[in-house]
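# Structural features, examined
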Amino acid sequence: MSAVLEATQIRKSYRRREVLDVERVALAPERTLALLGPSGAGKSTLLAILGLLERPDAGRIVLDGREVTAADRSARMQVAAAFQRPWLFKGTVGANVAYGLALRGVPASERRERVAEALARVGLAGWEERSALTLSGGEAQRVALARALAVRPRVLLLDEPLASLDPVVKWRLAREFAELLHEDGMAVLWVTHDQDEAAVVADEVAVMRDGRIVASGPADEVFLVPGDPWAAGFLGLEEPAAGVVAEVTDGVARVACEGADVFAVADVRPGERVRIGVRPEDVVLFEATADVPASSARNRLRCSVTALEHTGTTFRVVLACGGVRLAARVSKAAVRELSLAPGAQVLAVFKATAVRLARERSESEGASR
Amino acid sequence: MTDRRIWLAKRQAPVLVAVLLAVLLAVLLAVLGGCSSTRTESKPPQQPKPPQRIVLATTTSTQDSGLLDVLVPAFEKAYPAYTVDVVAVGTGEALRLGEQKDADVLLVHARADEEAFVAKGFGIERRDVCYNRFVLVGPAADPADVAHASGAADALARIAKKGSPFVSRGDDSGTHKKEKSLWAASGVKPGGAWYIVTGQGMGETLKVASEKQAYTLTDEATYLTMKDSLDLSLLLGDDPSLYNQYGVIPVTGARNEEGARAFADWICGPEGQRLIGSFGVDRFGRPLFTPNAPGGEKS
Amino acid sequence: MWAVVATSLRVSVVAVAIAVLAGVPAGLYLGMRRSVVRNALLVLANAGMGLPPVVVGLVTAMALSRRGPLGSLDLLYTRPAMVIAQVIIAVPVVAAVTAAAAASVPFELRLQARSLGASQLHEAMLVLKEARMGLVAAVAAGFGAVISEVGAVMMVGGNLEGSTRVMTTAIVQYTRMGRYGPALALSAVLLALIVVVNTVLAQVQRSAERFERS
């Protein structure tokens with residue numbers, strides 16, 4: 001799987017302050033890489049550099065096997081972007097979507113066809129003649145995406161495309177956009193600060209902090225076993241516990257961790273050192289003395305509550321089960337019922353299929369890929 | 001915050017327009033009011049202590065020649081009870097100021113108009129003060145050969161015949177009136193591409209003539225003052241029809257009639273006449289004005 | 001009198017047209033760039049808005065005079081001379097107003113265009129399109145500056161009847177001659193003309209806006 005766009009050793013400083021130092025980032029065809037991180041992490045700067053809108057101080061950018069720079073207009077023609085605000089031009093929806101096509105010298109008749117096609121893809125078929133300045137936020141963002149898609153770019157860059165929208169529209173667009181992006185061999189970079197959004201749209205995730213990529217890999221791995229303590233915290237996880245695979249029976253591995261055994265469905269061999277990741281929403285809590293009926297939930301760990309964090313509609317409960325630290329997400333009712341408070345004893349139950357194992361990096365780099 | 005600012009700006013725009021229109025209207029009214037002037041405020045106190053103001057309306061050419069810069073201080077020294085304010089306008093406007101009693105005394109050079117002014121009762125009397133002369137200037141090459149003309153009227157006829165450019169002030173000034181009378185004498189009705197009308201003062205008109213290498217009629221004083229910056233030569237001056245008589249008229253019923261009479265008497269008297277006769281000698285080697293007040297020389 | 005009005009219009013329209021050709025690209029450059037040079041030039045343009053027309057008239061007249069460096073062109077006291085002076089007066093006005101309009105176009109919008117493949121020229125054209133209301137204002141400001149200007153056109157035009165006499169210089173002349181009637185009449189025409197031009201431009205602006213919002 002060769003990358004459409006690959007950037008290596010990218011550095012950028014503003015007024016002698018280093019804002020970017022990225023070893024490598026690669027975009028693969030028909031894959032969406034979510035660039036995740038807090039504000040100020042350098043996500044937008046990296047996007048601008050990958051989009052050939054800004055020059056890095058150092059580094060190499062290779063597009064389809066050819067090294068390119070911001071001065072390379074034919075390379076820039078292969079890239080298109082949409083931003084947090086749709087930034088539509090004055091005029092009609094059709095004129096907006098046609099903008100990039102006109103720059104590429106696409107003849108008028110073909111332009112009309114491709115505009116219609118792009119609008120249809122974003123669910124706005126027949127909207128050509130509407131004024132671009134009278135649209136709602138969601139509609140405008142659809143037009144902005146259609147405008148980028150119309151040029152059939154090799155690389156599509158989306159910078160917080162949903163951040164300005166209200167939640168209902170946001171999630172609908174997130175699902176729709178994720179759906180229609182896997183086409184034409186196009187590679188997508190999707191910048192967001194919202195891990196839930198990234199979870200919906202991304203095939204791969206890179207987490208940024210202070211201008212560096214601190215964790216990257218397939219989305220389901222990064223979201224469970226980020227491989228970086230800071231990234232884990234940013235994703236709402238505890239630092240993944242380490243253990244050794246003790247035995248593998250019928251595809252279920254028993255991992256011996258400090259003070260607890262964890263069962264996981266994984267393709268590993270006995271003796272391998274692994275790290276363990278569990279999403280907080282997969283962990284169910286019971287009273288410590290509860291008689292939990294046997295089920296497929298193989299993991300039942302006695303834990304003590306070390307912290308309780310209010311996170312909006314739910315609570316995040318931090319648990320210590322011997323040397324294994326876990327987080328669980330529970331409702332307010334559960335907190336009351338179980339009298340959850342620091343020091344309380346509970347039983348944490350989760351399925352073996354909810355556990356993600358990552359081989360220790362020290363043994364084999366990026367083993368679980 | 002931003003919205004509010006925009007709102008304010010939008011609200012203020014019509015207000016601003018209204019204010020501007022009001023100011024404009026006020027200015028127009030002030031200008032119109034000035035025409036039918038009613039200057040009755042502040043009757044001058046009769047004590048001699050604060051010097052009384054005499055408003056002297058004269059022509060721009062008199063002012064520009066610098067003659068008044070000599071005459072006015074000398075008069076004020078001789079009559080400490082008075083100060084003279086000079087209003088320099090065209091002859092027509094000067095006479096109008098007299099009619100409206102906005103001026104106390106006039107020093108102008110349009111004899112016929114001046115006599116009519118006195119005849120209509122606006123002026124007490126008219127006395128000759130001095131004369132200077134108009135001269136015909138033009139390009140040194142003199143394409144119309146006016147230097148060999150028999151007189152001013154013949155010179156103009158030659159210019160018209162040749163179609164050489166001639167610049168006219170066209171501003172109803174004394175100089176313009178003189179020019180018109182000369183054209184009348186020449187029997188030519190000027191007009192056409194060669195006849196250029198500036199509507200401006202003598203200085204500007206001379207500059208235009210110099211740039212266009214055209215002929216023009218000018219008073220000698222202005223020409224001599226500006227000579228160095230012009231590419232024009234004096235071609236004709238020795239013709240009595242080019243003489244320009246200045247007269248002084250105290251205005252009847254003026255605010256400061258007494259001062260007006262004093263000024264008229266002084267300028268026609270020995271000191272005034274002597275100063276006029278010597279003015280310009282130091283700069284041009286010869287006087288610009290010839291004093292000719294009746295009895296001025298005698299007394 | 002109508003010949004005077006026609007001369008005013010012809011000279012000013014030509015001058016504004018030339019000033020727009022020169023001032024709009026300059027204003028775009030000033031409004032789009034962020035650099036020390038640009039800031040200095042912008043200060044210059046804004047200062048140029050306050051350029052005393054009399055000074056422009058004086059310098060132009062000196063340059064064009066028979067004894068000046070451009071004397072051989074024989075331009076002083078002609079309409080082209082007036083156009084030259086008016087262009088000098090109008091260019092900074094047009095440039096400064098255009099620059100303000102161009103600077104009001106968000107940088108992100110330009111970045112968006114760039115990200116779709118726009119070159120710098122395309123970007124400038126987009127800014128011009130986005131800021132076209134400001135452009136209308138620039139034209140109006142330039143026209144207002146030159147049609148009502150008197151000092152410079154008097155000095156370089158000479159108020160010559162039938163060729164360089166315009167409304168403002170004629171008003172000055174009539175006033176000097178004490179003929180307030182024609183002076184006021186011409187003033188009224190001048191005012192009406194400015195009102196009409198601005199109304200037309202405002203109408204253009206409004207109809208353009210209506211199209212964009214509908």
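Here the structure is a predicted model, which is why all the values come from computation and not from measurement. (Residues numbered from 1 in each chain as written. Chains lettered and ligands numbered in written order. Predicted model: local features only at pLDDT ≥ 70, side-chain atom pairs only at ≥ 80, totals over all residues. Heavy atoms only, no water.)

## Things to note about the overall build of chain A
Filter applied, for reference: Numbering of helices and strands runs from the N terminus, with a helix taken as a DSSP run of H or I at least four residues long and a strand as a DSSP run of E at least two residues long. Each residue's exposure class comes from its accessible area (1.4 Å probe, protein chains only) as a fraction of the maximum for that residue type: buried when under 20%, exposed when over 50%, partly exposed otherwise. The contact rule is simple, with two residues in contact once any of their heavy atoms fall within 4.5 Å. In short, Shrake-Rupley with a 1.4 Å probe defines the accessible areas, and a residue's cover is counted only from the protein chains shown. Think of it this way: Lys and Arg go in the positive column, Asp and Glu in the negative one, and His and the chain ends go nowhere. In plain terms, the charge of a residue is placed at NZ if it is Lys, CZ if Arg, CG if Asp and CD if Glu.
Scanning chain A for helices and strands turns up ten helices and 20 strands. By its C-alpha atoms, chain A is 75 × 45 × 40 Å across when sized along the principal axes. Here chain A holds 369 residues, and 53% of them are scored as buried. Considering only intrachain contacts with a sequence separation of at least 6, the fraction spanning at least 24 residues in chain A is 67%. Looking at chain A as shown, the accessible area adds up to about 16400 Å², and 47% of this sits on carbon and sulfur atoms. Across chain A, 48 positive and 49 negative side-chain charges occur, with their mean positions spaced 5 Å apart.

## Things to note about the interface of chain B and chain C
For clarity, the threshold we go by: Accessible area that two parts lose when put together, evaluated with a 1.4 Å probe and summed over both, is termed the buried area. Salt bridge criterion: a side-chain nitrogen from Lys or Arg within 4 Å of a carboxyl oxygen from Asp or Glu. Any pair of nitrogen or oxygen atoms within 3.5 Å is treated as a polar contact; in protein, a donor-acceptor pairing is required on top of that, and neighbouring residues in sequence qualify only through side-chain atoms on both sides.
Tallying the contact residues gives 27 residues for chain B and 21 residues for chain C. Interface area, chain B with chain C, both sides summed: about 2000 Å², of which 51% is carbon and sulfur. Between the two partners, chain B and chain C, sit two salt bridges. Note that D231(B) and R66(C) form a salt bridge whose closest N and O atoms lie 3.3 Å from each other. Summed over the shared surface of chain B and chain C, the result is 14 residue pairs in polar contact (both at pLDDT 80 or more). Residue assignment for the side of chain B that touches chain C shows that the elements contributing at least two residues are α1 (2–35), α4 (91–99), β6 (195–197) and α8 (202–212) of chain B.

## Points about the nonpolar core
Grouped burial of nonpolar side chains is what soluble globular proteins tend to show. As a reminder of what qualifies: Definition of nonpolar core: a set of buried residues of the types Ala, Val, Leu, Ile, Met, Phe, Trp, Tyr and Cys, connected through side-chain atoms within 4.5 Å.
Judged by nonpolar contacts, the single largest core of 129 residues is most densely connected at V97(A), L156(A), L189(A), V205(A) and M167(C). Those residues within four positions of L189(A) in sequence are excluded, and the remaining contacts are L27(A), L33(A), L35(A), L47(A), L50(A), L156(A), L157(A) and L158(A). Counting 63 residues, the second-largest nonpolar core is a separate cluster that includes A74(B), Y223(B), C268(B) and L64(C).

## Digging into the sheet that holds strand β8 (residues 187–192) of chain A
Within a sheet, adjacent strands bond to each other through the backbone by hydrogen bonds, running parallel or antiparallel. Residues and elements named next belong to chain A. What counts is decided by this rule: Between any two strands, pairing holds if DSSP finds at least two bridges. Axis definition: a line fitted to C-alpha atoms, limited for helices to the stretch in contact. Angles are taken between N-to-C directions and run from 0 to 180 degrees.
Taken in spatial order, the six strands make up an open sheet running β6-β7-β8-β3-β9-β10, and their pairing is mixed. Each edge of the open sheet is held by one strand with a lone partner, namely β6 (79–82) and β10 (212–218). For this sheet the average axis-to-axis angle between neighbouring strands, irrespective of direction, equals 15°. Looking at chain direction, strand β3 (residues 32–36) and strand β9 (residues 204–209) are connected through four bridges and run parallel. By the bridge assignment, L33 is partnered in β9 with E204.

## Overview of helix α10 (residues 257–268) of chain B
The condition that has to hold: The span expected for a helix works out to 1.5 Å for each residue beyond the first.
With twelve residues, α10(B) ought to run about 16 Å at 1.5 Å a step, and its terminal C-alpha atoms sit 17 Å apart, in line with that. Within the span of α10(B), buried status applies to G259(B), A260(B), A262(B), F263(B), A264(B), W266(B), I267(B) and C268(B).

## Remarks on the arrangement of the chains
Between all two pairs of chains that are in contact, chains A and C come out with the most contacts. The two partners chain A and chain B share no contact, and the minimum distance between any of their C-alpha atoms is 18 Å.

## A few points about the pairing of strand β17 (residues 314–321) of chain A
Residue and element names in this part refer to chain A. Most of β17 is tucked away, with seven of its eight residues classed as buried. Between strand β16 (residues 299–311) and β17, which pair antiparallel in sequence order, lie two residues; one of them, G312, sits at a positive phi of approximately 80°. Hairpin remark: β17 followed by strand β18 (residues 324–330), antiparallel, with two residues in the connecting loop; positive phi at G322, about 65°.

## Focus: the pairing of strand β12 (residues 252–257) of chain A
Residues and elements named next belong to chain A. Across six bridges, strand β11 (residues 241–249) lies against β12 in antiparallel orientation. Bridged to T249 within β12 is V252. Both β12 and strand β13 (residues 260–265) contribute to a ladder of six bridges, which runs antiparallel. Looking across to β13, one finds that V255 is bridged to V262. Connecting β12 to the next strand, β13, in antiparallel fashion are two residues, including G259 with a positive phi near 85°.

## Digging into the pattern of salt bridges
In the structure shown here, the tally under the stated rule is 47 salt bridges over all chains. Between R24(A) and E6(A) there is a salt bridge, with the nearest N and O atoms lying 2.8 Å from each other. Separated by 18 residues along the polypeptide, R24(A) in strand β2 (residues 17–27) and E6(A) in strand β1 (residues 5–14) bring together distant segments of the chain. For R24(A), a relative accessible area of 48% gives the class partly exposed. Note that D172(B) is salt-bridged to K180(B), the shortest N-O span being 3.6 Å. A relative accessible area of 31% places D172(B) in the partly exposed class.

## Things to note about the domain arrangement of chain B
Note: interface size is frequently given as the accessible area lost on complex formation between the parts. Residue and element names in this part refer to chain B. For clarity, the threshold we go by: Throughout the structure description, domain borders are defined by an automatic or database domain assignment.
When the domains of chain B are assigned, the result is domain 1 (52–131 + 245–296) and domain 2 (133–242). The centre of domain 1, based on its C-alpha atoms, is set 26 Å off from the matching centre of domain 2. When the two sides are added together, the surface that domain 1 and domain 2 hide from each other amounts to roughly 970 Å², 55% of it contributed by carbon and sulfur. Counting the surface domain 1 buries against domain 2, the share from its top three residues, F284, R286 and L288, is 37%. In this structure, the connection of domain 1 to domain 2 is made through two salt bridges. For K177, the salt bridge goes to D113, with nearest N and O atoms at 2.7 Å. The interface formed by domain 1 and domain 2 holds two residue pairs in polar contact (both at pLDDT 80 or more) in total.

## Brief notes about the sheet that holds β17(A)
Residue and element names in this part refer to chain A. Read across the open sheet, the five strands follow the order β15-β19-β16-β17-β18; overall the sheet is antiparallel. Strands at the two margins of the open sheet, each flanked by one partner only, are β15 (284–287) and β18. Neighbour to neighbour, the strand axes of the sheet diverge by 45° on average, direction disregarded. Across four bridges, β15 lies against strand β19 (residues 345–350) in antiparallel orientation. What sits directly across from E287, in β19, is V346.

## Thoughts on a nonpolar patch on the surface
Residue and element names in this part refer to chain C. Worth spelling out the cut-off: Patch members must show over 30% relative accessible area and no salt bridge, and they are joined within 9 Å when carrying like charges or within 5 Å when they are nonpolar side chains of Val, Leu, Ile, Met, Phe, Trp or Tyr.
A surface patch of nonpolar side chains, about 370 Å² in accessible area, is lined by Y29, V37, L41 and L44. At three residues, helix α2 (residues 36–49) tops the list of elements feeding residues into the nonpolar patch. Positionally, V37 belongs in helix α2. Using a relative accessible area of 52% as the deciding quantity, one classes V37 as exposed.

## As for the environment of A124(C)
All names here are of chain C. Following the sequence through the fold, A124 ends up in helix α6 (residues 120–130). Taking the C-alpha atoms as reference, A124 lies 12 Å from L111; in sequence the two are 13 residues apart. Beyond its immediate chain neighbours, meaning those up to four positions away, A124 contacts L28 and M32.

## What about the interface of chain C and chain A?
Applicable threshold: Classification used: nonpolar for Ala, Val, Leu, Ile, Met, Phe, Trp, Tyr, Cys and Pro, charged for Asp, Glu, Lys and Arg, polar for all others including Gly.
Listed by partner, the interface residues are 20 residues for chain C and 25 residues for chain A. Run the count over chain C and chain A and you get zero salt bridges. Counting the contacts that link chain C with chain A gives eight residue pairs in polar contact (both at pLDDT 80 or more). Contributing elements (two or more residues each) for the side of chain C that touches chain A: α5 (107–115), α6 and α10 (180–213) of chain C. For the side of chain C that touches chain A, the element with the highest residue contribution is α5(C), accounting for seven residues. Here the side of chain C that touches chain A is composed, by residue class, of eight nonpolar, six polar and six charged.

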